[in-house]
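Fold and geometry: a report
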Amino acid sequence: MKLSNYYVPTLKEAPKDADNLSAKLMIRAGLIRKMGSGLYEWLPLGLKVLKKVENIVREEMDRAGACEVWLPVVQPKELWAETGRWEHFGNQLLKIEDRKKAEFCVAPTAEEVITDLARKDISSYKQLPVCLYQFGTKFRDEIRPRFGVMRAREFYMKDAYSFAATDEQANEWYQKMYDAYQRIFKRCGFKFKAVEADTGAIGGNFSHEFMVLAENGEDVIADCPSCDYAANTEKAEIKAPAFSINEADFKEMEKKSTPKAYSVEDVAKMLNVATDKLIKLLVFTADGEPVVALVRGDHELNEPKLRALLKCTELEKASEEVYTQVTGSPVGFAGPQGLKQRNPKVKIYADNYVKGIINGVAGGNEVDVHVINVNPSRDIEVDAYCDLKIASEGDCCAKCGAPFTFTRGIEVGHIFKLGTKYSEAMKAEFLTEKQTSAPFIMGCYGIGISRVVAAAIEQSHDDNGIIWPDPIAPFNVALVAIDYDSNPDVKKAADEMMEKLEAAGLSVLMDERDERPGVKFKDADLMGMPHRVVISSRSVKDGQFEYKSRAEKDAVRKDLSTMDSFVAELKK
């Protein structure tokens, strides 16, 4: 392919609203253009990468034994109402009406549709297990789309769903998909890690995320170097710390005026204490019932852990009215000391680290007042101490006790054990070997194809542009021909090089434009093809061409007479 015939509108500068590195480089390199908030047009260069990723995924899904289908992106309300997600999915679900006023949604996921498909055609255990997958456009009406195609409203993904008759079959398919994902991301050329994860809005009882490791990753991974346990920080199980508490050190509680101190940092500064001395009180409603959670001032509450502890479907921060009713305090100033006496029915759950606070600080239950010398074992009646915080530096692995290390990553794949959540709700059943009805045992396996493209750039780039891994690069070779139209020898050598490369199965983008060499080199680096070959009047005069790996700094000269052996080596 000659660049003069190819649509690659590169830019010197990224638009101001491109808010992360991959978005900036994808726009500058001519891979995508932004049409609207969270909506992107994929241009030829970007689409080539997208399709290469798709083909790798398809090959590994087929290898695992899954069958490809094509499902509607517009889905009827009735199916979503069966699972309750028409109401509970939230504002991310884009709802539409047709001319007959029938209600539909633009699919953000496909559990309802695929379960409906299975229940119509699978009636016996003899037809199980089976796994179906599709590639398709999805839409989630994100309130703040950001990070380019990584958090867009419209995105392209592969989603697969397994249906099994027994737990053993379900586990076998989960492992098959886990292994397939390992192969997929290795073939894409990634440094990645599979980590345990929260099941989120999809639901289910177990899941793994596949994270591409990147310094600018949006997720943090807690990694145990001792036992190889790894999880995102929302899921990471933390060993309960041991504390040595001497009640003789306890001081009497005392009220302190803290005017206009609204944050943990403000209060700590005003009272001249460390933030780890503060006790944060948060009020939630769990399936409509109020509950109180306590964490240390320097820690963040992990809502998925609290939801899992309470086994609730909906967990929401309490309204100001509920907050005041539960605590008897103005919003932001509630303290847990004596709360059970004021409200015996309320459940109070505290993170394990709260237990170790000595002479701490809590809200004073009145405006602009805090209480010092609060000691949880003496002053707070807690229903249970448990692991409720987001993992952070200093935390230890619950499985072996070794300290976590932390790295950043980008989620590109997620697999779930769904169990019977959707099949029970939709009465999707089959006849067992004993001729009794039972719901399908399901699994769900997703890969964000468009996210994979952005993640590749986040992991592999430099100051000059993208550095594509070979397997998913839009072209294998950038062939820069300088003086192509004005020097017949350059044209002959460049055409011969291109012909030999393509005959060897390598894809080539030849830049034969009438541009300055510096412009061509900058565009080649920006677009990031793994290999660059330069043929110019100067090199041809010397009977040579120049080769440079995109990942390396220095170029090397090679004789034109070695073209065949060079191509053979590059093919390896």
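Before reading further, recall that the structure is shown in the block above.
Summary of the structure given here.

What counts as what
- Residues numbered from 1 in each chain as written.
- Predicted model: local features only at pLDDT ≥ 70, side-chain atom pairs only at ≥ 80, totals over all residues.
- Heavy atoms only, no water.
- Pairing = 2+ DSSP bridges.
- Helix = DSSP H or I, 4+ residues; strand = E, 2+ residues; numbered from the N terminus.
- Axes fitted to C-alpha atoms, helices over the stretch in contact; angles between N-to-C directions.
- Phe/Tyr/Trp six-rings, centres within 6.5 Å; stacked < 30°, edge-to-face > 60°.
- Lys NZ or Arg CZ within 6 Å of the ring centre and 35° of its normal.
- Core = buried A, V, L, I, M, F, W, Y, C linked by side-chain atoms within 4.5 Å.
- Buried < 20%, exposed > 50% of the residue type's maximum accessible area, 1.4 Å probe, protein only.
- Contact = heavy atoms within 4.5 Å.
- Left-handed = near helix turned anticlockwise from the far one by under 90°.
- Nonpolar A, V, L, I, M, F, W, Y, C, P; charged D, E, K, R; others polar.
- Salt bridge = Lys/Arg side-chain N within 4 Å of Asp/Glu carboxyl O.
- Arc of directions from axis to C-beta.
- Patch = residues over 30% accessible without salt bridge, like charges linked within 9 Å, V, L, I, M, F, W, Y side chains within 5 Å.
- Areas by Shrake-Rupley, 256 points an atom, 1.4 Å probe, with all protein chains shown as cover.
- Polar contact = N/O pair within 3.5 Å; in protein donor to acceptor, adjacent residues only side chain to side chain.

Ordered by their spatial adjacency, 3 strands build an open sheet running 4-6-5, and the pairing between neighbours is antiparallel. Across the chains shown, the open sheet's two edge strands, defined by having one partner strand only, are strand 4 (74–76) and strand 5 (94–97). Pairs of neighbouring strands in the sheet enclose a mean axial angle of 40°, with direction left out of account. Across 3 bridges, the pairing between strand 4 and strand 6 (residues 103–106) is antiparallel.

The tally for this structure, following the rule as stated, stands at 18 aromatic pairs. Cluster of aromatic residues (ring-pair linked, three or more members): Y178, Y181, F185, F190, F192 and F210. Looking at K176, its charged tip hangs above the ring of W173, at a distance of 4.4 Å from the centre.

Moving on, we get to the nonpolar core. Judged by nonpolar contacts, the single largest core of 70 residues is most densely connected at M61, F185 and W468. Once you skip the residues sitting within four places of it in the chain, F185 turns out to touch F190, F192, F210, V412, G413, I447 and V452. Residues L79, V113, F163 and F416 belong to the second largest nonpolar core, which totals 28 residues.

This part covers the packing of helix 2 (residues 44–64) against helix 13 (residues 449–459). Between helix 2 and helix 13, the least distance of the axes is 9 Å, while the angle of their chain directions is 115°. Here the hand of the crossing between helix 2 and helix 13 comes out right-handed. Here V49, L50, V53, E54 and V57 of helix 2 come into contact with helix 13, specifically with I449, S450, V452 and V453. For the contact of helix 2 with helix 13, the class distribution of residues is 7 nonpolar, 1 polar and 1 charged.

Before going further, it helps to examine the environment of V326. Relative to the helices and strands, V326 resides in helix 9 (residues 320–327). Along the backbone, V326 and G217 are 109 residues apart, and their C-alpha atoms lie at a distance of 39 Å. Leaving out residues up to four positions away in the same chain, V326 has contacts with V283, P290, V292, L339, N343 and V346.

Overall, mixed pairing links the 5 strands, which are arranged 28-27-29-30-31 in an open sheet. Of all the strands in the sheet, the pair left with one neighbour each is strand 28 (508–511) and strand 31 (556–559). Between one strand and the next, the sheet's axes are offset by a mean angle of 25°, whatever the strand orientation. Both strand 30 (residues 544–549) and strand 31 contribute to a ladder of 4 bridges, which runs antiparallel. By the bridge assignment, F545 is partnered in strand 31 with K558. Against the sheet, helix 17 (residues 563–571) touches strand 27 (477–481), strand 29 (531–535), strand 30 and strand 31, its axis set at about 10° to strand 30.

A separate point is the pattern of salt bridges. A side chain of one charge can pair with a side chain of the opposite charge if their charged atoms are brought near each other. Counted under the stated rule, the structure contains 38 salt bridges. Of the charged contacts, one joins D462 and R550 as a salt bridge, the two residues approaching to 2.8 Å between their closest N and O atoms. Of this pair, D462 sits in strand 25 (residues 461–462) while R550 sits in the loop between strand 30 and strand 31; the two residues are 88 residues apart in sequence, bridging distant segments of the chain. In this structure, D542 engages R557 in a salt bridge whose closest nitrogen and oxygen atoms are separated by 3.6 Å. With D542 in the loop between helix 16 (537–541) and strand 30 and R557 in strand 31, this residue pair connects regions lying 15 residues apart in the sequence. Judged by its relative accessible area of 46%, D542 is partly exposed. With relative accessibility at 38%, the residue R557 sits in the partly exposed group. Among the charged side chains, a network of salt bridges with common partners joins E59, E60, R63, R183 and R187.

Our next topic: the side chain of Q182. Topologically, Q182 is positioned in helix 6 (residues 167–187). In this view, Q182 contacts F192, A194 and F210; residues no more than four positions away in its chain are not counted.

Moving on, we come to helix 7 (residues 264–271). Within helix 7 the residues assigned to the buried category are V264, V267, A268 and L271. For helix 7, the arc enclosing every buried residue in end-on projection is 100°, short of the 170-degree limit, so these residues lie on one face. Turned more than 90 degrees from where helix 7 packs its buried face, E265 and K269 sit exposed. Looking at the buried residues of helix 7, the elements they touch are strand 13 (254–257), strand 14 (279–286), strand 18 (360–363) and strand 19 (369–374). Of the residues one or two after helix 7, N272 is the one with positive phi, at around 55°.

Together, V73, V74 and I96 give the surface a local cluster of nonpolar side chains, amounting to about 200 Å² of exposed area. Exposure remark for V73: the relative accessible area of 35% places this residue in the partly exposed category.

A word on the side chain of T109. Tracing the chain through its elements places T109 in the loop between strand 6 and helix 5 (111–121). Separated by 2.5 Å, the side chains of T109 and E111 make a polar contact.

Of all 5 residues in strand 9 (residues 192–196), 4 are buried, a share of seventy percent or more. Two elements, strand 9 and strand 10 (residues 206–213), share 5 bridges in a ladder whose sense is antiparallel. Within strand 10, the residue paired with V195 across the bridge is E209.

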